[in-house]
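Observations on the three-dimensional arrangement
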Amino acid sequence: MLTVHTLKNYSRVHLLVLSVIGLTGVGLILACTQKFGAGVSPDSANYIAAARSLLAGKGFLRFNNVICDSWPPLYSTLLATLKLAGIDYFISGRYISAVSLGLIVFMSGLWLLKNSGFFSIAVLGSICILFAKPLFNISCMIWSEPLFVVLVMAFFFILPFALEKPTIKWGLLLALVTAATALTRYVGVVLIPIGAFLLVVNRKQLFWKRATFVTFWTIGSALPLTLWLLRNWLITGNLAGKRLPSDTGFFENVSFAGEVVASWFLPSQLANSIPGWIFFCLFCAFITVMLISAISKSAKHNQYWLDSPSIPLVLFLIVYTVTILSAATRTRIDVLNDRLLAPLYVPAALLFLASIANAYSLDLKLSQNKKEIYHRLIRTGLLAGISIGIWLGTSSNYVLALGQYRFRYGAGGIRHLRWQKSETIAWLQKHRLQGHIFTSNPAALYILAGYTAENTPALPVCYGNSPAGLRESQRQISDFKSVVESENNAYIVWFSPGRENLYDPNKLRDFCRMKTVKRLKDGVVIALYPK
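About the thresholds
Positions within a chain are numbered from 1, following the residues in the order the chain's sequence is written. Owing to the predicted nature of the model, reporting of local features is limited to residues with pLDDT of at least 70; listing and counting of side-chain atom pairs is limited to 80 or more, with chain, interface and lining totals taken over all residues. Side-chain figures throughout are based on the complete set of non-hydrogen atoms in the structure, without hydrogens or water. Numbering of helices and strands runs from the N terminus; a helix is a DSSP stretch of H or I covering at least four residues, while a strand is a stretch of E covering at least two. A simple rule labels every residue: compare its accessible area, found with a 1.4 Å probe on the protein chains alone, to the largest value its type can have, and call it buried under 20%, exposed over 50%, or partly exposed in between. By definition in these notes, contact holds between two residues if any of their heavy atoms fall within 4.5 Å. In this scheme, strands are said to pair when DSSP sees at least two bridges between them. Axis angles are defined between N-to-C directions and span 0 to 180 degrees, where every axis is a line fitted to C-alpha atoms and, for a helix, only to the segment in contact. Summarising the geometry, the arc corresponds to the directions from the helix axis toward the C-beta atoms. A patch consists of residues whose relative accessible area exceeds 30% and which take part in no salt bridge; residues with like charges are grouped when within 9 Å of each other, and nonpolar side chains (Val, Leu, Ile, Met, Phe, Trp, Tyr) when within 5 Å. Methods summary: accessible areas were calculated by the Shrake-Rupley approach with a probe of 1.4 Å, and residue burial reflects only the protein chains presented. Should a side-chain nitrogen of Lys or Arg be within 4 Å of a carboxyl oxygen of Asp or Glu, the pair is scored as a salt bridge. The definitions used throughout rest on a 1 Å grid laid over the protein atoms alone, on which a cavity is an enclosed set of points accommodating a 1.4 Å probe that cannot get out and a pocket is an open set flanked by protein within 12 Å on both sides along at least five of seven lines; lining residues are those having an atom within 4 Å of a point. Grid points are joined across faces, edges and corners, and a volume is the space filled by probe spheres set on the points. Three classes are used: nonpolar for Ala, Val, Leu, Ile, Met, Phe, Trp, Tyr, Cys and Pro, charged for Asp, Glu, Lys and Arg, and polar for all others, with Gly counted as polar. Here the angle decides the label: under 35 degrees means roughly parallel, over 145 means roughly antiparallel, 65 to 115 means roughly perpendicular, and every other value means oblique. In this scheme the crossing of two helices becomes right-handed for a clockwise turn of the near helix relative to the far one and left-handed for an anticlockwise turn of less than a right angle.

Section: the overall build of the protein
The secondary structure content of the protein amounts to 22 helices and five strands. Judged by the C-alpha coordinates and their principal axes, the protein covers about 90 × 50 × 45 Å. Looking at the protein residue by residue over its 531 residues, the buried ones come to 54%. Considering only residue pairs separated by 6 or more positions, the protein has 71% of its internal contacts joining residues 24 or more positions apart.

Okay, structure coming up:
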């Protein structure tokens, strides 16, 4: 029988310890981002630009004034709301990420305490999540992923209440969290089929009541994102942004995913020595074992197998993995990395730690005497200790070393010390350029110098030399020439080192005349004229 718990069910000491570990996570991120703030990438700049344009009454716009449709609006709306409260975008983004990590750590410990029954496992799990490599990496940046993981965790906590007591109250709360998750990242829609499946097979209601509950819950969960997608279609003609076909195949993406997951748990030398597809197969085997274990444990206790608290996590691992691999194979997105796969970390870690607790419980039940109990616990403890030791040792060394680096040199992106000391940025701040600007880093110009700019045309290699990529590159060259011919003032701001996937000034000389305005240590400013 599925049971649900509120905070009143737990000891104050237990909650205090887990809270302290969670607050340590908040402090870790704030310490690493103290010097120059949270890391800022092009996506971060676009989140901030969308928040600024929203407050200016212009809707959601990127930093190059193009309609924003490539990501949902919740994160930018949150930044804008906090700005109305007087909190700067960079400060609010930094604290959202830090607090999100703290909540992830706390909720992970709480889930283990609730579902394993071992406070020691809960503490150990919280520490493992605290030093999780992918969570640390995303939490040092102004990105939507930390908030996304918090919302996924909230879904896991609220779902048992909706299954146990399928009332309007819990249905609305679950729909609110699900809708917020999908409005944070498009891939959040994976929670809708997971929730719908678990709710519709819930045997605590008559079928027609279940069907009614699931119908209204699904509508409430999907409606906000549906309205946003409709807005995108009406304005831009695209549901979720224009995306070119992928230049990586399914098995290549499988290998990339395996390499990323291996780097989370194994020392780099060992992880690099194992082909990614092998570790991906091991990851799939782990998910399968967790599913079989949850079903068999429920059967032994005469419980309905879908009542197992592990089932939602297993389903999330399956559906999210399939969705990300499918998206990476169909459309051109980033190479699978920590950022895209980070949401898998928490459920995988919780399932592994819960399985250790189950093994201890099983040892206690199967043992006939104290001597046998002692031997069984020693054996299980050694296996668990070696596994967790390698995992925690690898991740903690990585996080502490990278944390020190980020404290000294910046959290990442254009918050690195290099950008803070950029002569090119300093010159552009003093000498305002008027006209159309092409650059190798439009996000840096927008955030650090307040310019609206766009990338120089992309080389075909940027799109994998595909036919569609070649056409896109040629279109950008045509637009570049049109701008130079029609604008009175056009410039290139090229930073060193440049970007290999973009046309640099030397390659663009075939399309226009150039005059160097200013050459600096880390860049050059060039005026453009028609041929």
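Quick word on the sheet that holds strand E5 (residues 523–529)
Pairing is mixed in the open sheet, where five strands are placed in the order E2-E1-E3-E5-E4. Each edge of the sheet is formed by a strand with only one pairing partner; in this case those strands are strand E2 (454–455) and strand E4 (513–520). Pairing between strand E1 (residues 436–439) and strand E3 (residues 490–495): four bridges, direction parallel. Looking at the pairing, Phe438 lines up with Ile492 of E3. Contacts from helix H19 (residues 423–430) reach E3, E4 and E5, with the element oriented near 105° to E4.

Comments concerning unusual backbone geometry
Between Ser496 and Pro497 the backbone carries a cis peptide bond, its omega angle lying at -5°. Within the element layout of this structure, Pro497 appears in the loop between E3 and helix H22 (505–508). For Asn65, which is not glycine, the phi torsion reads 65° and is therefore positive. Inspection of the secondary structure assignment puts Asn65 in the loop between helix H2 (42–55) and helix H3 (74–84). Asn65 gets classed as exposed once you look at its relative accessible area, which sits at 53%.

Comments concerning H3
Of the positions making up H3, those classed as buried are Tyr75, Ser76, Leu79 and Ala80. Here the buried residues of H3 occupy an arc of 140° about the axis, which is enough to place them on one side. Packed against the buried residues of H3 are H2, helix H4 (89–116) and helix H7 (145–164). Note on H3: the residue one or two positions beyond its end, Gly86, has a positive phi of about 95°.

Comments concerning a nonpolar patch on the surface
Residues Ile219, Leu223, Leu227, Leu230, Trp233, Leu234, Ile235 and Leu239 make up a contiguous nonpolar surface patch of roughly 830 Å² in combined accessible area. Inspection of the secondary structure assignment puts Ile235 in helix H10 (residues 207–236).

Re empty space enclosed by the protein
Overall, the coordinates contain two cavities of 30 Å³ or more when judged by the stated rule. Of the voids in this model, the largest cavity is the one considered here, and its volume is about 70 Å³. Considering the residues around the largest cavity, the lining is formed by Ala257, Val261, Phe280, Phe283, Thr321, Ile324, Leu325, Leu336, Leu341 and Leu344. At the level of secondary structure, the elements contributing two or more residues to the lining of the largest cavity comprise helix H11 (250–265), helix H13 (276–300) and helix H14 (310–330). A total of three residues in the lining of the largest cavity trace back to one element, the largest contributor, which is H14. Looking at the lining of the largest cavity, its residues break down into nine nonpolar, one polar and no charged. Roughly 40 Å³ of volume is contained in the second largest cavity.

Thoughts on the pattern of salt bridges
If you walk through the whole model with that rule in mind, you get nine salt bridges. The residue Arg339 makes a salt bridge to Asp43 at a minimum N-O spacing of 2.9 Å. Note that Arg339 is positioned in helix H15 (residues 338–341) and Asp43 in helix H2, a separation of 296 residues in sequence. Look at Arg339 and you get buried, because its relative accessible area is 10%. With a relative accessible area of 27%, Asp43 lands in the partly exposed category. Here Arg185 makes a salt bridge to Glu145, at a shortest N to O gap of 3.6 Å. Of this pair, Arg185 sits in the loop between helix H8 (168–184) and helix H9 (191–200) while Glu145 sits in helix H7, and the two are 40 residues apart along the sequence. Of the residues examined, Arg185 reaches a relative accessible area of 9% and is grouped as buried. Relative accessible area serves as the criterion here: at 4%, Glu145 is assigned to the buried category. A single salt-bridge network, built from bridges that share partners, covers Asp43, Glu145, Arg185 and Arg339.

Notes on the environment of Ala179
By the secondary structure assignment, Ala179 is in helix H8. Given a relative accessible area of 7%, Ala179 falls into the buried group. Between the C-alpha atom of Ala179 and that of Ala80, which follows or precedes it by 99 residues, the distance is 19 Å. The residues contacting Ala179, other than those within four sequence positions of it, are Gly220, Ser221 and Pro224.

Considerations on the packing of H7 against H14
Between two packed helices, both the angle of their axes relative to each other and the distance between the axes serve to describe the pair. Packing of H7 against H14 brings their axes to within 11 Å, and their N-to-C directions diverge by 140°. Taken together, H7 and H14 sit at an angle that is classed as oblique. Judged by the sense of rotation from one axis to the other, the crossing of H7 with H14 is right-handed. Each of Phe148, Val152, Phe156 and Leu159 in H7 lies in contact with H14, whose residues at this interface are Pro312, Leu313, Phe316 and Tyr320. A class-by-class count of the residues in the contact of H7 with H14 yields eight nonpolar, no polar and no charged.

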